[in-house]
Amino acid sequence: MENFFGLEYFIDVHKRVYYIYIISSLVLGMLYLSVNQKEKRVNLSSKLWLHQSARLDYSYFFISNLIKILLIFPIVLSSKTIALSTIMFLTDTFGYTRVNLSYEVILVLFTSILFIISDFTRYFLHRLLHTVPLLWRFHKVHHSAKVLNPLTFYRVHPVENLLFGFRYVLSMGIVSGVFIYLFGSKVDIYDVVGVNIFVFVFSILGSNLRHSHIKLSYPKVLETVLISPYMHQIHHSTKFFNKNFGGTLAIWDYMFNTHKFSKQVKTVKFGLKKEQMGDYDSIIKLLVTPFRMSKIENQ
Amino acid sequence: MYKHSFKTINALEYALYTDGFDDRRYELSKIIVRNIINRLDEINEVYVSDNKKFLSDFKWTNDVIINMLIDSSFKLRDWRVGDIAGYSRKSKGNADNKKAEYFISANSTTAIQSILDTHKQIMDAPTYDFGDMLIENGLKKEVQLIRNEINNSIENLKYLKNEDFENKEVKILYVSLDKLHRSYYSSLVNALEINTKILDADGD
């Protein structure tokens, strides 16, 4: 039953809001605030956490979970199906083959390549959501958040859920299929409690601060490789929607010229243009507005 | 060793079944048979002497057997049936009985039967087998599918009449061998649990 209310998200290690990730983000946030006392007032203010936009995030989280269970998940193919199709395609095209490498090498290769490909497709789809006008209509729902909190991560239109679902099964399925084709049953992932080690480390290092007002940034060198929480907040800033599309790695933004260092942006203002915000102030509007947006100009 | 023993069997076939069989060929055949026996004895010795070592690392043993079954099912499907009957990608629709593995002696069907019987012994034996072990590891549905496809393939061997791969009915056998090959991979994909090891599929 808890599935229908989205409560299992907090005890599921595969979810962004898994309680351990929330706790680690809280600890990091507190450490940050102890050094940056001036920001304490804003971050601990009830105005922030009970802001109309935040309250909408909380209620939308439960509703969107229901939509995902009832409409999205049954549609999205299993990555196992994609993996099997990939294996059969490769076998039919190139014949049967086995590459002989040690378990350890295959483990490291599979874990890292899966993570890199997954992160790249995430970057690519995210960028498309901003650059293709039709997709931007749906992604605007996410950017309509006036204030950020960890549940803003789930303020996503079901159509976007569907697209990310397809991205996920395609990238997972194809990479797994190629590896199984090459290495057979030797394929395995280095995981921590069932999650890819890279994803686990990233998640525990404050992934929930991406959607928050904690302006945690990394040294410049590190920000060419990893997206810091503040870099993602810059992406949510009205002036820089077209920057920092990356999920975990910043290298894609760096390579494709969409990168913005934390040091380059002093202030951020979230949400959409003032005149558009009224179209995203209720659950119904979040769901319906993208379909009747022809009258609204693309931002 | 496995690969070369087959080559030797082909050599024996050539010596015994082509025209011009004489005393010299008879002597040569005896040498080839001795070689085959020696090789099989060597294989047997390794199985017996290294049996405990082989079974000591469960994952490795499991991998070796699954990879072997997948490899064998691919060769059955493509090399031993598809390429000859014209159903594999490589053959491009050109059926040619002369490409059969034991065309000279007309023993290709027997070879396919033996290989399928071996699959059955491993996956669907009357006593505890590899299939039962996989079922204990949560792959009941997949093993049932594999067992069905092995039995279907054995049943569909009847469509390969008189070593005639050019007969259109052979496609029924090819399709069941294809399903068998896929079912092995399917069990492998399910066993690896690749679906669950990355964070949720939402946006950002």
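Before any of the text, the structure's been laid out above.
Residues numbered from 1 in each chain as written. Chains lettered and ligands numbered in written order. Predicted model: local features only at pLDDT ≥ 70, side-chain atom pairs only at ≥ 80, totals over all residues. Heavy atoms only, no water.

(A) Here's a closer look at the packing of helix 7 (residues 103-131) of chain A against helix 9 (residues 158-183) of chain A. All names here are of chain A. Put simply, helix 7 and helix 9 touch, their axes get as near as 10 Å, and they point 150° apart. As summarised for this structure, helix 7 and helix 9 are arranged roughly antiparallel, according to the angle between their axes. Handedness of the crossing formed by helix 7 with helix 9: right-handed. Taking contact as the criterion, the partners of Ile106, Leu109, Phe110, Ile113, Leu114, Ile117, Ser118, Thr121, Arg122, Leu125 and Leu129 in helix 7 are, on helix 9, Glu160, Leu163, Phe164, Arg167, Ser171, Met172, Val175, Ser176, Phe179 and Phe183. Of the residues belonging to the contact of helix 7 with helix 9, the class tally is 14 nonpolar, four polar and three charged. (Axes fitted to C-alpha atoms, helices over the stretch in contact; angles between N-to-C directions. Helix = DSSP H or I, 4+ residues; strand = E, 2+ residues; numbered from the N terminus. Parallel < 35°, antiparallel > 145°, perpendicular 65-115°, else oblique. Left-handed = near helix turned anticlockwise from the far one by under 90°. Contact = heavy atoms within 4.5 Å. Nonpolar A, V, L, I, M, F, W, Y, C, P; charged D, E, K, R; others polar.)

(B) Highlighting the interface of chain A and chain B. Taken residue by residue, the interface counts 56 residues in chain A and 29 residues in chain B. Each partner contributes to the roughly 3,900 Å² buried at the junction of chain A and chain B, and carbon and sulfur atoms together form 56% of this total. Its largest share of buried area at the contact with chain B, chain A owes to Lys80(A), Tyr96(A) and Ser185(A), together 19% of the area lost on that side. Applying the counting criterion to the chain A and chain B interface returns one salt bridge. (Buried area = accessible area lost by both parts, 1.4 Å probe. Salt bridge = Lys/Arg side-chain N within 4 Å of Asp/Glu carboxyl O.)

(C) Spotlight on the pattern of salt bridges. Residues and elements named next belong to chain B. As enumerated under the stated definition, the model contains 17 salt bridges over all chains in all. Note that Arg80 and Glu101 form a salt bridge whose closest N and O atoms lie 2.7 Å from each other. Taken together, the positions of Arg80 in helix 4 (residues 58-85) and Glu101 in the loop between helix 4 and helix 5 (108-123) put the pair 21 residues apart, joining distant regions of the chain. Given a relative accessible area of 10%, Arg80 falls into the buried group. For Asp178, the salt bridge is made with Arg182, and the minimal N-O distance between the two is 3.0 Å. Of the two residues, Asp178 and Arg182 both sit in helix 8 (residues 170-192), four residues apart, roughly one turn of that helix. Using a relative accessible area of 15% as the deciding quantity, one classes Asp178 as buried. (Buried < 20%, exposed > 50% of the residue type's maximum accessible area, 1.4 Å probe, protein only.)

(D) Quick look at helix 2 (residues 23-49) of chain B. Residues and elements named next belong to chain B. End to end, helix 2 covers 39 Å across 27 residues, agreeing with the expected 39 Å (1.5 Å per residue, within 8%). Here helix 2 has its buried residues at Arg25, Ser29, Ile32 and Ile36. Taking the backbone nitrogen of Arg24 as reference, a side-chain oxygen 3.3 Å away marks Asp22 as the first, capping residue of helix 2. (Expected span 1.5 Å × (residues − 1). Polar contact = N/O pair within 3.5 Å; in protein donor to acceptor, adjacent residues only side chain to side chain.)

(E) The arrangement of the packing of helix 5 of chain B against helix 7 (residues 140-156) of chain B in detail. Residue and element names in this part refer to chain B. Axis separation between helix 5 and helix 7 bottoms out at 10 Å; the angle between their running directions is 155°. Of the possible angle classes, the one that applies to helix 5 and helix 7 is roughly antiparallel. For the element pair helix 5 and helix 7, the recorded crossing hand is left-handed. Of helix 7, the residues touching helix 5 (which contributes Gln113, Leu116, Asp117, His119, Lys120 and Met123) are Val143, Ile146, Arg147, Ile150, Asn151, Ser153 and Ile154. Residue classes in the contact of helix 5 with helix 7 are distributed as six nonpolar, four polar and three charged.

(F) Molecular detail of a nonpolar patch on the surface. All names here are of chain B. Nonpolar side chains collect at one region of the surface, where Tyr14, Leu16, Tyr17, Phe21, Tyr26, Phe103 and Ile104 lie side by side and expose about 710 Å² of accessible area between them. Per-element accounting of the nonpolar patch gives the leading share, three residues, to helix 1 (residues 2-17). Positionally, Tyr17 belongs in helix 1. (Patch = residues over 30% accessible without salt bridge, like charges linked within 9 Å, V, L, I, M, F, W, Y side chains within 5 Å. Areas by Shrake-Rupley, 256 points an atom, 1.4 Å probe, with all protein chains shown as cover.)

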